[in-house]
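Report on the structure
Chain residues, written in single-letter form:
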Amino acid sequence: MIRVVLPQHLRTLARVDGEIDITVAGPATQRTVLDALETSYPMLRGTIRDHGTAKRRDFIRFFACGQDITLEPIDDPLPEEVASGKEVFRVVGAMAGG
Amino acid sequence: MSGVRLLVGTRKGGFVLTSDGKRDDWKVEGPLFAGWEIFHMKGSPVDQDRLYASQSTGWHGQVVQRSDDGGKNWEPVGNEFAYEGVPGTHQWYDGTQHPWEFARIWHLEPSLNDPDTVYAGVEDAALFRSVDGGHTWQELAGLRGHKTGEHWQPGAGGLCLHTILIHPDDPQRIVVAISAAGTFRTDDGGETWQPINRGLRSRELPDEEREVGHCVHRIAMNTSRPDTLFMQKHWHVMRSDDGGDSWQKVSGNLPSDFGFPITVHPHEPETVYVVPIESDSEHVPPEGKLRVYRSKEGGNEWEALTKGLPQEHCYVNVLRDAMDVDDLDPGGVYFGTTGGQVYGSPNGGDSWTAIVRDLPAVLSVEAQTLP
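Residues numbered from 1 in each chain as written. Chains lettered and ligands numbered in written order. Predicted model: local features only at pLDDT ≥ 70, side-chain atom pairs only at ≥ 80, totals over all residues.

**Overview of the overall build of chain B**
- Assigned secondary structure in chain B consists of zero helices and 30 strands.
- For a compact globule of 371 residues, the expected C-alpha radius of gyration is about 21 Å, and chain B comes in at 19 Å, within 12% of that figure.
- When each of the 371 residues of chain B is scored for burial, the buried share is 53%.
- For chain B, contacts bridging at least 24 residues in sequence account for 50% of all contacts bridging at least 6. (Helix = DSSP H or I, 4+ residues; strand = E, 2+ residues; numbered from the N terminus. Rg over C-alpha atoms; globule rule 2.2 N^0.38 Å. Buried ≥ 20, exposed ≤ 12 C-beta atoms within 10 Å, placed from the backbone. Contact = placed C-beta atoms within 7 Å.)

What follows is the structure in structure tokens.
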């Protein structure tokens, strides 16, 4: 089980409070976590990564274990602490706009 | 008793303003989708409880919301707007070619006879249609694929398709307007399109009367006379009496013929409203006086409507989709400002009151007349 924390606007859109628990088939990576998240919450499609290209939106970042892992390869395994549910996978709306 | 519902889109959420037919006591509800830009909300003419809303932020992109109960409850529907085929390029500000990229929905136009059919005018300019209540969207690619498409250039606000007018007697005939490409019409339901800009003059262009490239800000129509169109262009107020085939300037005695919104009285097809602003470089009312101008002669002769509007120190703007009329008698007129005020007139503009004063900057106002 992966624990995911969304930014406020996406929690509102997905109608969830706090963390989301999702199950990932196979190794936990950025891609598999986002695939599972969008399957469970289809209203999030297009709001974290683009339709079609699956490219991360410019002002979205991903954090795990207090580290910014946004630029890590999307198919790399996530830290064991995230894969085991000990730590959260955090989707963050980057500070932007001044 | 009949009533009015105003759907107000703002920089930080949507608001719903309702009143009975007297239109002197309003209930303000919102914000819906707090913190998101609500570019536009509009209801179906055949099912007034079916509403569509364009919701977006720079972080999370485009979301489309739908309500089936007049705005009490909303559900996100489809938000995938894929250009058909290889998107190609259009002209960028510097004259180079730039890939077409979807940015947002500027305007949602529900069908006149089917609540599940709705059109979306988007940036970069294209027209999409959904026939399943917003769940899926298909581009009407003949528009963007017009031979002039690669020459279309964005206005200061982006390359946006912001106006969609469906002919009330012939749904195959649709007029759209794009900043800064101009006006286009289809007579076959969106398969093929022709530019309809003859008579427009834009001194910003090397060839002032070229086929495309005009910065059309807004077009309005009274459905009882659908071939008469009124246009607020970057500069100039124009009219057409042949469905857009040709245009004549009707700016007349306006203090400035630069502006964004334009609308037509619900029962008097020759009564037109605009809100002039100073210039292309100063988007504020002339002399700090917020004045709606009304022509009862279809243009040329305009009168200032000031009663109830601030006549000093007022420097707000009214954006292109932020003025509308209801269908009551006498007809009501409404507009919202970038300062967050929504003004209403229950008497065709003779006098105005602020329905609400301190909303976020208003992007759009749509009036629904309720039974």
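**Side note on the overall build of chain A**
- Each helix and strand in chain A was counted, giving three helices and five strands.
- Its helices and strands in sequence order give chain A the pattern β-α-β-α-β-β-α-β, from N to C terminus.
- Here the C-alpha radius of gyration of chain A, 12 Å, is about what a compact globule of 98 residues would show, namely 13 Å.
- Judged by the C-alpha coordinates and their principal axes, chain A covers about 35 × 25 × 25 Å.
- Looking at chain A as a whole, 27% of its 98 residues are labelled buried.
- Sequence separation of 24 or more characterises 55% of the internal contacts of chain A that already satisfy a separation of 6 or more.

**A few points about the interface of chain B and chain A**
- Taken together, the 13 residues of chain B in the interface contact 13 residues of chain A.
- In terms of residue count, the dominant contributor to the side of chain B that touches chain A is strand β6 (residues 61-67) of chain B (three residues).

**Examining the sheet that holds strand β30 (residues 362-370) of chain B**
Residue and element names in this part refer to chain B.
- Spatial ordering of the open sheet is given by β3-β2-β1-β30, a layout of four strands whose pairing is antiparallel. Because the sheet does not close on itself, it has two edges, and the strands there are β3 (26-32) and β30. Taken over all neighbouring pairs, the strand axes of this sheet differ in orientation by 15° on average, direction set aside.
- Here five bridges tie strand β2 (residues 13-20) to β3, and the two strands are oriented antiparallel to one another. What sits directly across from V16, in β3, is E29. (Pairing = 2+ DSSP bridges. Axes fitted to C-alpha atoms, helices over the stretch in contact; angles between N-to-C directions.)

**Regarding helix α2 (residues 30-40) of chain A**
Residue and element names in this part refer to chain A.
- Turning to α2, its buried residues are Q30, V33, L34 and L37. Along the axis of α2, the buried positions cluster into a sector of 95°, meaning they face one direction only.
- Buried-residue contacts for α2 involve β1 (2-5), β2 (20-22), β3 (60-64) and β5 (88-93). (Arc of directions from axis to C-beta.)

**Examining unusual backbone geometry**
Residues and elements named next belong to chain B.
- A cis geometry characterises the amide bond from E123 onward to D124, with omega recorded as -5°.
- Here D124 lies in the loop between β11 (118-123) and β12 (126-130).
- Cis geometry is found at the peptide bond from D329 to P330, where omega equals 5°.
- When you line up the elements, P330 lands in the loop between β26 (323-325) and β27 (333-336).
- Unlike most non-glycine residues, F33 shows phi in positive territory, near 55°.
- As for its placement among the helices and strands, F33 is situated in the loop between β3 and β4 (37-43).
- The class of F33 is buried, set by 24 C-beta atoms lying within 10 Å.
- With phi around 90°, H236 is a residue other than glycine that occupies positive phi space.
- With respect to the element layout, H236 can be found in the loop between β19 (229-233) and β20 (237-240).

**Some details on the sheet that holds β3 of chain A**
Residues and elements named next belong to chain A.
- Spatially, the five strands line up as an open sheet ordered β2-β1-β5-β3-β4, and their pairing is mixed. Only two strands of the sheet have a single partner each, and these edge strands are β2 and β4 (67-68).
- Examined bridge by bridge, β1 and β2 share three bridges and lie antiparallel to one another. Across the sheet, the residue bridging to R3 is D21, located in β2.

**Some thoughts on the nonpolar core**
- Counting 120 residues, the largest nonpolar core has V176 and V342 of chain B as the members making the most contacts within it.
- With near-sequence residues (within four places) excluded, V342 of chain B lies in contact with L6, V8, L17, Y334, G336, I355, V356, L359, V362 and V365 of chain B. (Core = buried A, V, L, I, M, F, W, Y, C linked by C-beta atoms within 7 Å.)

**Overview of the environment of V212 of chain B**
Residue and element names in this part refer to chain B.
- Looking at the secondary structure, you find V212 in the loop between β17 (194-195) and β18 (216-221).
- Overall, the presence of 21 C-beta atoms within 10 Å leaves V212 in the buried class.
- Remark: the alpha-carbon pair of V212 and N197, spanning 15 residues in sequence, is separated by 7.0 Å.

**Describing the confidence of the model for chain B**
- This prediction gives chain B a mean pLDDT of 96; 100% of its residues lie at or above 70.
- Taken over the whole predicted complex, pTM reads 0.96, whereas the ipTM for its chain interfaces reads 0.93. (pLDDT = per-residue confidence, 0-100.)

**So, the pairing of strand β28 (residues 342-345) of chain B**
Residues and elements named next belong to chain B.
- With burial as the criterion, each face of β28 is covered, one bearing V342 and G344 and the other bearing Y343 and S345.
- As paired elements, β27 and β28 share four bridges and run antiparallel to each other. Its bridge partner lying in β28, Y334 is registered against G344.
- Two strands pair when backbone bridges link them, and β28 and strand β29 (residues 353-356) are joined in this way by three bridges, in the antiparallel orientation. Paired with G344 across the two strands is T353, which belongs to β29.

**Focus on the environment of S111 of chain B**
Residue and element names in this part refer to chain B.
- The topology assignment puts S111 in the loop between β10 (104-110) and β11.
- For S111, a count of 18 C-beta atoms within 10 Å translates into the label partly exposed.
- For the pair S111 and E278, spaced 167 residues apart in the sequence, the C-alpha separation amounts to 36 Å.

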